Each structure stands twice: as C-alpha cells, then as structure tokens.
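Here is how the chains run, residue by residue.
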Amino acid sequence: MQIEGPELLLFALSILLVCLFVLTVSGMFPGEFRPQALQNPLGATLLYASIAIVAALTIHLVYFAARHLDWPVAIIAGGLTLLGSPFIHRNLPRMIQDDAAGALGLAAGGLVLHGLLAVIVEI
C-alpha cells in the first residue's frame, strides 16, 4: 500500500467533515431544539436525508481506509482530525454551527468529497 498525498488529504478532510456534521446535528435533537426551518415535515426529511448521506460517507471512508491506507496512517490522521474538530467547530460562524444551512451544507460537502474520493481512487 503506497500512500499518496491527495488521498490522505481527502481522507482527513472527509473525517473532519463528518465530525463537524455530527457536532452540528447533535444540537438538533430532540426536535424542539431544531431551527425553525427543520421543524416542519419537509425540514425533518431533509435532516434525516443529510444524516443518511453522512452515514454513507462514513461507511465509504472505512472501506477506503481499509483498502488504500496503512492502518497506522489512517488512525493517526483520523485521530488528529477527530481531536481538532471541536476547536474548528467552535470557530465556525453561528449560522453553520446551529442552523439548517450548516447541516445541509456539510452534507452537500460530504457528497462532493465522496465523489472526489471515488474519482481519484476509482473505487
């Protein structure tokens, strides 16, 4: 397994995106704590769809790490990103931290990173 820079960078960015998404969405449960835009049925559907997208990205990341990265490299890169994500999340604008735009935007970013990983590595 030879590690290349772009794959490791995309892996770390994807882990960061998953962590930021989890930190953003965790404040939206139970339902009465959700932003106004996500309290209606359409908003709840969008929220759960974004959770499904990020869950699929997470499964893809585990598969990607198992096939293309050495485990020590994957654990160190993922662990450092995981440890740094609360500090990055705290410095994001409030609109991303606590609003529907943050949850849906991070899920859209997950789709983009998922596509980049698939194209670069040709899974």
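See above for the structure.
Analysis parameters
Residues numbered from 1 in each chain as written. Predicted model: local features only at pLDDT ≥ 70, side-chain atom pairs only at ≥ 80, totals over all residues. Heavy atoms only, no water. Helix = DSSP H or I, 4+ residues; strand = E, 2+ residues; numbered from the N terminus. Rg over C-alpha atoms; globule rule 2.2 N^0.38 Å. Buried < 20%, exposed > 50% of the residue type's maximum accessible area, 1.4 Å probe, protein only. Expected span 1.5 Å × (residues − 1). Polar contact = N/O pair within 3.5 Å; in protein donor to acceptor, adjacent residues only side chain to side chain. Contact = heavy atoms within 4.5 Å. Core = buried A, V, L, I, M, F, W, Y, C linked by side-chain atoms within 4.5 Å.

Chemist: Got a minute to help me understand the overall build of the protein in this structure?
Modeler: Each helix and strand in the protein was counted, giving 5 helices and 0 strands. The helix and strand sequence of the protein, counted from the amino end, reads α-α-α-α-α. Compactness check: the protein gives a C-alpha radius of gyration of 15 Å against a globular reference of 14 Å for 123 residues, within 12% of the reference. Across its three principal axes, the protein shows a C-alpha extent of roughly 50 × 30 × 20 Å. Burial statistics for the protein: of 123 residues in total, 37% are counted as buried.

Chemist: Looking at this structure, I do not really get helix α2 (residues 41–68). What am I missing?
Modeler: Owing to its 3.6 residues per turn, the α-helix brings residues three or four apart onto one side. In a regular helix each residue adds 1.5 Å, so 28 residues correspond to 40 Å; α2 covers 40 Å between its end C-alpha atoms and thus fits that length. Those residues of α2 that sit buried are Gly43, Ala44, Leu47, Ser50, Val54, Leu57, His60, Leu61, Phe64 and Ala65.

Chemist: Can you walk me through the environment of threonine 24 in this structure?
Modeler: Within the element layout of this structure, threonine 24 appears in helix α1 (residues 5–26). The exposure class of threonine 24 is buried, given its relative accessible area of 2%. Of note is the side chain of threonine 24, whose polar atom sits 2.9 Å from the backbone oxygen of leucine 20.

Chemist: Before we go on, may I ask you to explain the environment of phenylalanine 64 in this structure?
Modeler: Position of phenylalanine 64 among the secondary structure elements: in helix α2. Between the C-alpha atoms of phenylalanine 64 and valine 119, which are 55 residues apart in sequence, the distance is 12 Å.

Chemist: Would you mind going over the environment of isoleucine 96 with me for this structure?
Modeler: Here isoleucine 96 shows up in helix α4 (residues 94–98). A relative accessible area of 24% places isoleucine 96 in the partly exposed class. Linking isoleucine 96 and leucine 20, residues 76 residues apart in sequence, is a C-alpha distance of 9.5 Å. Here isoleucine 96 is in contact with Thr24 and Gly102, once residues within four sequence places are set aside.

Chemist: Please explain the nonpolar core as it appears in this structure.
Modeler: Phe11, Phe21, Leu47, Leu61, Leu69 and Ala103 are the most contacted members of the largest nonpolar core, which totals 27 residues. Elements with a minimum of two residues in this core: α1, α2, α3 (71–90) and α5 (100–121). With 10 residues, α1 is the single largest residue contributor to this core. Look past the residues within four positions of phenylalanine 11 in its chain and what remains in contact with it is Leu61, Phe64, Ala65, Leu69, Ala74, Ala77 and Gly78.

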